[in-house]
Every structure is written in C-alpha cells, then in structure tokens.
Amino acid sequence: MNSANKKKVLLAPLDPVHDIGLKMIHRAIREAGHTAVLLSPDLPVEEVIRAIMEEKADTVLLSRTLGYGVAELLAKFVDLLDAAGLREKVKVGIGGMAIRSELAAELGFDAGFGPGTTIEEALAFVEGREYNPEANKVRKEKVDLTAGYSYKFKHAGIAVLLDKITSQIMTWCEDKSSPGVIRAQLRDEYWDKEEWLKGTGNKGFYDKYPEYCGDVAKAYYLEGKIHPKTRLLTPEESEAYNRYVQRTKKRMVLNKIQHTRKLPIVFNQYGTGCPILDTGHIKVSEAWGADGVVHFDPSWGARTEGFLEGFVAHAEDGTVITPENMYRLSQARERSTLWQVRAHRGLNTPETVVLAAKLGADLTKINIAYGSLGAGTDPARMTIDGFHAIKYAAKYKLPFDIVTNEELTGVPAYKAFSGMLIVAALALKLGARPILQPLFCYCPECMISGSMEDNYIDFNSTKVFALRQILDAPIWPGAPIGFLTQTEDRVQSSVSTSLHAMLACSLQVEAISIASADEAYAGGPISVPAKIDTLRGVEEAFRFLGQDDIRPSERANQWAQEMVEGIKRVLTKVAERDDFVQTLYEGLLGSKEEGAYPGRAGKGTVIIK
C-alpha cells in the first residue's frame, strides 16, 4: 500500500465491556496495512477527542453496545468534535447493537454499523470505497464425490472372490429381463424430454408403455383413472407454485454449512408426498446450507409397475415419481445443489435411473442386496432390475451410493457390507462409479452384543476403516446418520445427528445424509423448523470441530480387522455357492433369523428371453 492510501484510524469503545467487535476490526485494519490505535474502554468522550488530536487520526471508529443513553452520549461526542474544529477533517463511524444507520446519520456520523455488520464493511468505510455485499456472498459449485478415487481393490483375496461372484451375476442376467427392464428400455429409447415439454411427440413411447405396466399405471393410461391416494394439483395450485419458486429463487441467499473444511458434503432428504411442499423443503435446505437433496419416493410406488404422469400429490409417504413432478423439483433447486433420486428398491429401479438422468439428477442409489433383503423386492427381480439400473447409471454417468440399510433389520454389518461390495464390484465391471454407504447408526447387532454401550464412535469408525482396507472408493455415511439414536425429542435428535456429523467429518468421508429432527424418528410429518434444527446443529458442530478430530479408540482398528475377515468369509460362501440370486433367498447375505426376509414384490415376473 502506498503512503497516500494509508489511513490512520483511532478506535474507541465507549462501553466498559463488549469491545470484542472493535478489537476484531482493529486487527483487520492493521492487517490491511493501515495504522490503527485502539483506546482503552469506557473513556470519557473528552479524552477520546484529545486522543484524536494527538494521534492526528483521519478516521475514527466508535463502539457503543449498551443502549441506554446512547443518543445523548453520541450527540455530545459530535458536538465536542465540532467545537474542536475536527468534524470536517475526520471521518467518523459508530457501531453497536443499538445503532442503526438512520440514528447515526441523524446524530451527525458518517456511517452507522448495526447488528450483522461484517468486518469487511467496516474496512471498506475506512478505505473510502463502496462496500459490495455481493463479494461476500457464498458461491457454491457442485462437487464430484467420486473424483480422485482409483477404485482399485486393496485386498487381493476379496478382489478375487468379488470377480468370481460378479461374473456369475453377469452370466445369470444374460438371458433375462423383466417388465421394469422393458419399461426402462422404452424410456431410454423413445422418451425425449424436449418433446415431452412441448406436449407433442413421444407417441412411440406411450403406445407401448402401458402394456408393461401394472394395474394402477395401466388404468391411468388406458382409462384415465388415477390412484385413489394421489391427486392432480389444480391449475391454480400450479400457478401459485410457479410464483413461489420464482420469488424464492430471486431472494435466495446460500449458506455454507462447513466451517473451514470442504468435506463432508451434506445431503438433506425431502419427501412430504406433495411436490409443492417438497420444493419448500428443498429451498429451506439450500438456505440453511445443504449441498444436496435426496428425493424420497413412496413405498407404494416401489411396489407398483410403472409410473404415472402429471403434477401429482400423494396422500402418504413420499412424493410419487412422475416426469412433471421430477422436472419441477429439478428446476426449483439452485444450480449448485446436487440432486439424488433413489432407485434402490422396488419395481421401477432401472426406469427411475433413466428418467432421473434425463431430468437432470446428479446421483442415484442402487443396492441389489438391500433391495432384496430389507426393502421388499423379490431377489431375482431385484437382481435383473438392479443389473440394468447400474448399466443405465454408467451410460448416463450417474454416480450412485450403495445403501446398507438392511443393517436396521438386524443384518450384521459385515454381511451388509458383503452385499454392498458385490454391487460395487459389479458396478465397476459395468463402468459405473459407486459410492460406499455404511450406516452411521446404533446398530441392532450392537444392541445385542453390547459393543456400542460405551459410545457411538468406535463401531461407526470401524465401518469406515474396514471399507478403506478393501477398496479405494468414496464413502458417504447415511442414511440418515444417527439412525436409531434419535428420539421424538427434537433437541436430542438434532444433537445426536450433529455429533454423528462431527464423527463423519473427523473420518474425512465425502458426504453425509442427514434427516430433519422429526423425520429421523419417523414419527410424523416432516416440518420445516425441524429440518432447520438439524441443519443448524450440524453447522454448529462443524464450527466446534474446525480442523480437529474425534479420535476413536484402538478397538475400532481391532474390530475393523475382524470385520474384514467376516466379509471375506461371507464372500467365500457366496462364491462357492456360485449362484448369487440363490444366496439372497438362502440368507448368506442376511438370514431370516437376523431379520432379513427376501422380498415378494415382483416375484415370478422375471422373463426368460
């Protein structure tokens, strides 16, 4: 800085205490290259005037946090400054909790800084330049969670087993198909988004699609009947929705939830059943710092062959997947917001991937083992549908997480991870980019064994340590983190989620999925205040942790070794059985005694070509 631009600034706190803000500004002024003199707190204004004269200051910053008598005190200061012949020579600003710019101007100050003032704003005043709040706005970019990973197996023995198992799966799938696979092929080949937006074309798709749908979707296309638990939103509701989205996007101010780290990326789930409410949840999530959102679809959709059309609300859990619902949700988000559409269970898995990709999704979710054992889909049907879903994920370059929520039914983590790794290895053979998703939860197997009685740190860390011994791949704990630790107490629920977020941050994972404080307990409607509870809690947890870490005990490493051995034993049995689908029915990846039941949705629908 040249001497002509260098300022001499005198800072004076007019309170006996509460001068931290002024001290922070003092440091910033000095770091910017100016000369700054900070007076002692609570000096009489006469002494402050005398100091201005002695220091030959060209700028004065006062602070007065306490509100009582503030107007009288500041008016006296300006009068004395004027009487000393300094008012025209010195630029004077005043800041504090009771200060507003209108009050400062009325009393004769050049600027007033109230609550929310940034240090940059005060520095701009000192330097005589216009303060540009736009320069301080948070700007976010989408993050590729899979960047930088080699996807190479680190455990040679497990890699050999996975190669054998996935080769068998690919051979099994060669001569098979399903109604879901055929619909996905139709959606892939004949459904064009631009034509759909024009309201014309795609005739080839709609001529063939109903033939491969179940009764609910077929009745919609052939008879105009809509599912009794769904409702088409009215034109008035649609117009109101458009106005809401336009207004909200215009005033959107993004927040960064991480503190000094870049990771983990934070995803928040929505799924009210109504796309209008879902959009509100997306905008709230963005405003309070979420980096991505997860589309939660309803259970009946998972058990229904085929998708409906239209702008549709659903009376129960989750918002139904229709092209219009998904298009509107995609368009409502900010450009930087990652959008995941789940396709990990049910009878629409491959078509969900295709439709989501065509409508702009960034990520999806697929797991054949969980979809078969913990989410109600017949193993044979889930295998052929999951196989093609992965192929479409590769084609459309959609990374996907492999969720392991079968742990929640009681399946031990090493068995759930065996299924996850099979799907990951299959994905790599098919050219896709999988993301490993261990649960961060109070594991049912640990409730029985007692291994989490002391803390939730060691066993959740064990999962990350074990997976990192096997495969160099991104890790995204979910879903949501803290599952089965939260209660219907919103405070407890938010705190528990935040603590698990701190652990995930310490373990340097790529992403986490969090739920709102009420959603985590799954005990009722998902409210916006509860969503903000959790987001604010996680933000504060990241602030508390900074660059420091939660450190698990040595038990985590010991358990990780045992978990890797357990995974190897399971994969050995699956490889020896040489029939992946049968291992799902027979319980090698989770038995009925452990709480895993092969699903029935889609049973008998696999087509031999």
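Residues numbered from 1 in each chain as written. Predicted model: local features only at pLDDT ≥ 70, side-chain atom pairs only at ≥ 80, totals over all residues. Heavy atoms only, no water.

- Going by what an unreviewed UniProt entry lists, the protein chain is known as Cobalamin-binding protein and is assigned to Thermanaerosceptrum fracticalcis.

## Brief notes about the domain arrangement of the protein chain
- Per the domain assignment, the segments of the protein chain are domain 1 (8-136) and domain 2 (236-571 + 579-593).
- Between domain 1 and domain 2, the C-alpha centre-to-centre distance is 50 Å. (Domains from an automatic or database assignment.)

## Some words on the pattern of salt bridges
- Counted according to the given criterion, the structure contains 36 salt bridges.
- For Glu351, the salt bridge is made with Arg183, and the minimal N-O distance between the two is 3.3 Å. Taken together, the residues Glu351 in helix H15 (residues 349-358) and Arg183 in helix H7 (residues 179-190) connect sequence positions 168 residues apart.
- Given a relative accessible area of 0%, Glu351 falls into the buried group.
- Owing to a relative accessible area of 0%, Arg183 belongs among the buried residues under this scheme. (Salt bridge = Lys/Arg side-chain N within 4 Å of Asp/Glu carboxyl O. Helix = DSSP H or I, 4+ residues; strand = E, 2+ residues; numbered from the N terminus. Buried < 20%, exposed > 50% of the residue type's maximum accessible area, 1.4 Å probe, protein only.)

## Thoughts on helix H14 (residues 323-332)
- In terms of burial, H14 is a largely internal element, seven of the 10 residues being buried.
- Turning to H14, its buried residues are Pro323, Asn325, Met326, Arg328, Leu329, Ser330 and Ala332.

## A look at the state of the cysteines
- One pass over the full model with this rule turns up zero disulfides.
- Unpaired in terms of disulfides, Cys441 finds its nearest cysteine sulfur in Cys443, a separation of 3.5 Å. (Disulfide = S-S within 2.5 Å.)

## Here's the deal with the pairing of strand E1 (residues 8-13)
- With five of six residues buried, E1 is to be regarded as a mostly interior element.
- Bridge count for E1 against strand E2 (residues 35-38) is four bridges, and the pairing is parallel. When the bridges of E2 are listed, Leu11 appears paired with Leu38.
- Handedness of the crossover joining E1 and E2 through helix H1 (residues 20-31) is recorded here as right-handed.
- With five bridges joining them, E1 and strand E3 (residues 59-63) adopt parallel strand pairing. (Pairing = 2+ DSSP bridges. Right-handed = clockwise from strand over helix to strand, strands pointing away.)

## Brief notes about the nonpolar core
- By size, the foremost hydrophobic cluster in this structure holds 92 residues, and its most contacted members are Ile390, Phe400, Ile422, Ile512 and Phe580.
- Those residues in contact with Phe580 that lie beyond four places of it in its chain are Ile165, Gln168, Ile169, Ile368, Thr383, Ile422, Val574 and Leu589.
- In this structure, Ile182, Trp191, Ala217 and Trp339 belong to the second largest nonpolar core, which totals 27 residues. (Core = buried A, V, L, I, M, F, W, Y, C linked by side-chain atoms within 4.5 Å. Contact = heavy atoms within 4.5 Å.)

## Let's talk about the packing of helix H6 (residues 156-173) against helix H18 (residues 413-429)
- The geometry of H6 relative to H18 is characterised by a closest axis approach of 9 Å and an angle of 70° between their N-to-C directions. Taken together, the axes of H6 and H18 are roughly perpendicular relative to one another. When the axes of H6 and H18 are compared, the crossing they make is right-handed. Here H6 contributes Leu162, Asp163, Ile165, Thr166, Ser167, Ile169 and Met170 to the contact with H18, which in turn contributes Leu421, Ile422, Ala425, Leu426 and Lys429.
- In the contact of H6 with H18, the residues fall into eight nonpolar, two polar and two charged. (Axes fitted to C-alpha atoms, helices over the stretch in contact; angles between N-to-C directions. Parallel < 35°, antiparallel > 145°, perpendicular 65-115°, else oblique. Left-handed = near helix turned anticlockwise from the far one by under 90°. Nonpolar A, V, L, I, M, F, W, Y, C, P; charged D, E, K, R; others polar.)

## Regarding H15
- Within H15, 10 of the 10 residues are buried, which leaves the element mostly enclosed by the surrounding structure.
- Every buried residue belonging to H15 is among Thr349, Pro350, Glu351, Thr352, Val353, Val354, Leu355, Ala356, Ala357 and Lys358, and all of these are buried.
- Looking at the packing, one finds that the buried side of H15 touches H7, helix H8 (193-198), H14, strand E11 (338-342), strand E12 (363-365) and helix H17 (379-395).
- Positioned one or two residues after H15, Gly360 has a phi angle of 100°, which is positive.

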